[in-house]
Amino acid sequence: GLCWPQWVLEEARCLFEGTQKGLLGLEKFKETQPSFERISIHPKEGQNPRELFEALSSMALDGLVLSGSEKSVTQVQKDPWVKDYIDGLSSFLSDWKKLSKPFPVLGICFAHQAISHALGGEVKPSGALKIGPVDVQAIENSLLPKNFTPSALKNWNNFVAFHEDQVMTPPSNMLPIMKSAYCPYQSFVHPTLPLWTVQFHPEMNESILEVSSDKSLWSHCSSKDFKNQKGNDLLEFFAKWILENKT
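Residues numbered from 1 in each chain as written. Predicted model: local features only at pLDDT ≥ 70, side-chain atom pairs only at ≥ 80, totals over all residues. Heavy atoms only, no water.

Engineer: Would you mind showing me how to read the layout of surface pockets here?
Structural biologist: To find the voids left in a structure, one rolls a probe of water-molecule size over its atoms. The volume enclosed by the second largest pocket comes to roughly 230 Å³. Classifying every residue of the lining of the second largest pocket gives eight nonpolar, three polar and four charged. (1 Å grid on protein atoms, 1.4 Å probe; cavity = no way out; pocket = protein on both sides within 12 Å on 5 of 7 lines; lining within 4 Å. Points joined across faces, edges and corners; volume = space filled by probe spheres on them. Nonpolar A, V, L, I, M, F, W, Y, C, P; charged D, E, K, R; others polar.)

Engineer: Can you walk me through helix α4 (residues 110-118) in this structure?
Structural biologist: The α-helix winds at 3.6 residues per turn, so residues separated by three or four positions along the chain end up facing the same way. Taken across its nine residues, α4 has seven buried, putting it largely inside the fold. Considered for burial, the residues of α4 that qualify are Phe-110, Ala-111, His-112, Gln-113, Ala-114, Ile-115 and Ser-116. At the exit of α4 stands Gly-120, carrying a positive phi of roughly 105°. (Buried < 20%, exposed > 50% of the residue type's maximum accessible area, 1.4 Å probe, protein only. Helix = DSSP H or I, 4+ residues; strand = E, 2+ residues; numbered from the N terminus.)

Engineer: What is the right way to read unusual backbone geometry from this model?
Structural biologist: Working note: non-glycine residues mostly have negative phi, and peptide bonds are mostly trans. For Cys-109, which is not glycine, the phi torsion reads 55° and is therefore positive. Within the element layout of this structure, Cys-109 appears in the loop between β5 (105-108) and α4.

Engineer: What am I meant to see in the pattern of salt bridges here?
Structural biologist: Counting across every chain of the model gives five salt bridges. The partner of Asp-87 in a salt bridge is Lys-83, with the nearest N and O atoms 2.7 Å apart. Here Lys-83 and Asp-87 lie together in helix α3 (residues 80-97), a separation of four residues that amounts to about one turn. The exposure class assigned to Asp-87 is partly exposed, which follows from its relative accessible area of 24%. Overall, the relative accessible area of 39% leaves Lys-83 in the partly exposed class. (Salt bridge = Lys/Arg side-chain N within 4 Å of Asp/Glu carboxyl O.)

Engineer: It is not clear to me how helix α2 (residues 49-56) should be interpreted in this structure. Could you clarify?
Structural biologist: Buried within α2 are the following residues: Pro-49, Leu-52, Phe-53, Ala-55 and Leu-56. Here the buried residues of α2 occupy an arc of 155° about the axis, which is enough to place them on one side. Relative to its buried face, α2 has exposed residues pointing more than 90 degrees away, namely Glu-51 and Glu-54. With a side-chain oxygen lying 2.8 Å from the backbone nitrogen of Arg-50, the N-terminal cap of α2 falls on Asn-48. (Arc of directions from axis to C-beta. Polar contact = N/O pair within 3.5 Å; in protein donor to acceptor, adjacent residues only side chain to side chain.)

Engineer: How do you make sense of the environment of Ser-94 when you look at a structure like this?
Structural biologist: With respect to the helices, strands and loops of the structure, Ser-94 is situated in helix α3. Remark: the alpha-carbon pair of Ser-94 and Ser-57, spanning 37 residues in sequence, is separated by 9.6 Å.

Engineer: What's the story with the confidence of the model for the protein in this structure? I'm lost.
Structural biologist: When pLDDT is low, close inspection of the predicted coordinates is not appropriate. Within the protein, residue pLDDT values average 79, and 79% of them lie at 70 or more. This model gives residues 1-13 a pLDDT under 50, and the stretch forms 49 contacts once residues within four places in sequence are excluded. Across residues 18-37 the pLDDT falls below 50, and counting only partners more than four positions away or on other chains, this stretch makes 64 contacts in the model. (pLDDT = per-residue confidence, 0-100. Contact = heavy atoms within 4.5 Å.)

Engineer: Quick question: what am I supposed to make of the packing of α2 against α3 here?
Structural biologist: A packed helix pair is summarised by two numbers, namely the angle formed by the two axes and the spacing between the axes. Axis separation between α2 and α3 bottoms out at 7 Å; the angle between their running directions is 15°. Compared by their axis directions, α2 and α3 come out roughly parallel. Taken as a pair, α2 and α3 cross one another with a handedness that is right-handed. Together, Pro-49, Arg-50, Phe-53 and Leu-56 of α2 and Trp-81, Asp-84, Tyr-85, Asp-87, Gly-88, Leu-89 and Phe-92 of α3 make up the contact between the two elements. Its residues assigned to classes, the contact of α2 with α3 comprises seven nonpolar, one polar and three charged. (Axes fitted to C-alpha atoms, helices over the stretch in contact; angles between N-to-C directions. Parallel < 35°, antiparallel > 145°, perpendicular 65-115°, else oblique. Left-handed = near helix turned anticlockwise from the far one by under 90°.)

So, in structure tokens, the structure goes:
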């Protein structure tokens, strides 16, 4: 037995780390998978993220999802929790790259920004809090990594956003593959490693309108705004990417 819960996808073992308490739309995703579990390192619960990443480096995983947080990457020099997260993440990525066959990693929102920062990118406040469904567009790129062939990429055009910070300068070794009118770097993928990050929240859907601890933030949205949300499609593709990477 592991000391951390695990996310099992058929023959694969994937850990979902969550710094936010609600998984929201992942309930629908669970319907297509045999089982699903997660671990939380929410800042208010007192866990040290450096310890999480140290534990991950010793696990035999097939995939990993790093999710969002209420914290800000821009506070890395002022907030000890953020510094521990970035330092732990940097060490983990260094060990992960040295594996004989690195497993797929998906970074969501805060993790998208944290991974970008750890790899040399720049994260800054955008000046406005973006909440609700957003339209994104695919960016053509011929340098995608092995097994990363999302034929539906152009149709993944509606996701849920909840952020103020965003990547302003991308890391030089990551390929931009999605953008939006307000955010030029909605998603990155590494050209040779199975590393994928997204600014939006594929795990969120209309259930956020009911479960949010601050429903006033979502008062401008209704369930019909989430009708064409593609988060579950993206997560299903990531699950398939994990299984393909095992072969």
